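Structure at a glance
So the chains spell out like this:
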Amino acid sequence: MSEQPQQQGPAQEPTPVVAGETEDGRVYVVGPEQMAVEESEPSTPGSSVTDQVEQPAKVMRVATMIQRLLDEERAAPLDEASRRRLAEVHTSSVTELKDGLSPELAEELERLTRPFAAEHTPSDDELRIAQAQLVGWLEGLFQGIQTALVAQQMAARAQLERGHREIPHPPGGLPGHPGPNPQPGQSGMYL
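A quick note: this is a predicted structure, and the numbers were derived from the prediction, not measured.

**Digging into the overall build of the protein**
For the protein, the helix and strand inventory stands at five helices and four strands. Scanning the protein from its N terminus toward the C terminus, one meets helices and strands in the order β-β-β-β-α-α-α-α-α. Of the contacts formed within the protein by residues at least 6 apart in sequence, a portion of 61% connects residues at least 24 apart. On the protein, roughly 12,600 Å² of surface is accessible, and the fraction owed to carbon and sulfur atoms is 56%.

**A short note on the packing of helix H3 (residues 80-99) against helix H4 (residues 103-112)**
At a closest axis distance of 8 Å, the pairing of H3 and H4 adopts a crossing angle of 160°. Looking at the two axes, H3 sits roughly antiparallel to H4. For the pair H3 and H4, the crossing hand works out as right-handed. In this structure, H3 uses Val94, Leu97 and Lys98 to contact H4, whose residues at the interface are Ala106, Leu109 and Glu110. Looking at the contact of H3 with H4 residue by residue, the classes come out as four nonpolar, no polar and two charged.

**Regarding the nonpolar core**
Of all hydrophobic cores here, the largest spans 17 residues; its most connected members are Leu97, Leu101, Leu138 and Leu141. Contributing elements (two or more residues each) for this core: helix H2 (56-75), H3, H4 and helix H5 (124-166). Per element, the largest residue contribution to this core is six residues, and it comes from H5. Sequence-distant contacts of Leu97, defined by excluding residues within four places in its chain, comprise Val59, Val62, Ile66, Leu109, Leu134 and Leu138.

**Description of the packing of H2 against H5**
Their axes nearest at 10 Å, the elements H2 and H5 cross at an angle of 145°. Seen along the crossing, H2 lies across H5 with a hand that is left-handed. Along its contact with H2, which presents Val59, Met60, Ala63, Ile66, Gln67, Leu69, Leu70, Glu73 and Arg74, the element H5 presents Asp124, Leu127, Arg128, Gln131, Ala132, Leu134, Val135, Leu138, Glu139, Leu141 and Phe142. Considered class by class, the residues forming the contact of H2 with H5 number 13 nonpolar, two polar and five charged.

**Section: the environment of Asp79**
Within the secondary structure layout, Asp79 lies in the loop between H2 and H3. Sequence-wise, Asp79 and Ser123 are 44 residues apart; in three dimensions their C-alpha atoms are separated by 9.3 Å. At a separation of 2.6 Å, a polar atom in the side chain of Asp79 contacts the side chain of Ser82.

**A look at the pattern of salt bridges**
The final tally for this structure, using the stated rule, is eight salt bridges. The partner of Asp99 in a salt bridge is Lys58, and the shortest N-O contact between them spans 4.0 Å. One end of the pair, Asp99, is in helix H3; the other, Lys58, is in helix H2, with 41 residues separating them in the sequence. Measuring nitrogen to oxygen at the nearest pair gives 2.9 Å for the salt bridge that ties Arg128 to Asp125.

**Quick look at the side chain of Asp124**
For Asp124, the position within the fold is in helix H5. For the buried residue Asp124, which engages in no salt bridge, the nearest side chain bearing the opposite charge is Arg83, 4.4 Å off. In contact with Asp124, not counting residues within four places along its chain, are Glu73, Pro77, Leu78 and Arg83.

**Quick word on H3**
Here H3 is 20 residues long and its end C-alpha atoms lie 29 Å apart, about the 28 Å a rise of 1.5 Å per residue gives. For H3, every residue scored as buried is listed here: Arg83, Leu86, Ala87, Val89, His90, Ser93, Val94 and Leu97. Viewed end-on, H3 has its buried residues packed into an arc of 165°, placing them on one side of the element. In the core, the buried residues of H3 are packed alongside H2, H4 and H5.

Definitions and cut-offs
Residues numbered from 1 in each chain as written. Predicted model: local features only at pLDDT ≥ 70, side-chain atom pairs only at ≥ 80, totals over all residues. Heavy atoms only, no water. Helix = DSSP H or I, 4+ residues; strand = E, 2+ residues; numbered from the N terminus. Contact = heavy atoms within 4.5 Å. Areas by Shrake-Rupley, 256 points an atom, 1.4 Å probe, with all protein chains shown as cover. Axes fitted to C-alpha atoms, helices over the stretch in contact; angles between N-to-C directions. Parallel < 35°, antiparallel > 145°, perpendicular 65-115°, else oblique. Left-handed = near helix turned anticlockwise from the far one by under 90°. Nonpolar A, V, L, I, M, F, W, Y, C, P; charged D, E, K, R; others polar. Core = buried A, V, L, I, M, F, W, Y, C linked by side-chain atoms within 4.5 Å. Buried < 20%, exposed > 50% of the residue type's maximum accessible area, 1.4 Å probe, protein only. Polar contact = N/O pair within 3.5 Å; in protein donor to acceptor, adjacent residues only side chain to side chain. Salt bridge = Lys/Arg side-chain N within 4 Å of Asp/Glu carboxyl O. Lys, Arg positive; Asp, Glu negative; His and termini not counted. Expected span 1.5 Å × (residues − 1). Arc of directions from axis to C-beta.

What follows is the structure in C-alpha cells.
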C-alpha cells in the first residue's frame, strides 16, 4: 500500500491529505475531515465534484470577493447604508455563484442561503453570519474539489502502475532502448 501526503493551500493551517491504494487496487484518500474516498473505476462524467463546477474561474473570483467582504465587515462596524449595500452584494454573489455551478450544487446553495428580508436592513451580526456561512460552504466545496483531484491522480497513477506491470517487455529492454548493458558499439537506436 503506497501513501503520499499532500498539503492544503497556504491560506489555512496545513492539513495533511493522505492518499494510497489498497491491496485490491482501490484508491483511498483521507482528507481534512478524515473521510475516505474510494474509487475502483473512474467516475462517470458529471459525477465528480470537479465536474460540478462549470465555471471555476468565476466561482473563485466570487469566493475571493466574499472572503474579502467578510474580512472588511469584521474590521469595522457598518452604518445602515453599508449594511443594505452588503446585503445586496451578498444576494447577487449567491446568484452569480449559482450560475457557475452544476444544477445539483446550485440547488444545495439555494437551500442553504436565505435571502434577506426586503423590508428591513440586516444587522452587522446577520450579515456576518450569512457571509461566514457562504465562505464556509465555499471552503467545503474547494476542499471537496482538492480531495477529488488527489483521488483522481492516485487512481490514474495506480492504473498506470498496473498497466506497466501487465505489459510484457522484451528481453534486453524496449525497442530503441537496448537495456541495462548494451553491447559495445550498440547505440540503442535502430535505424
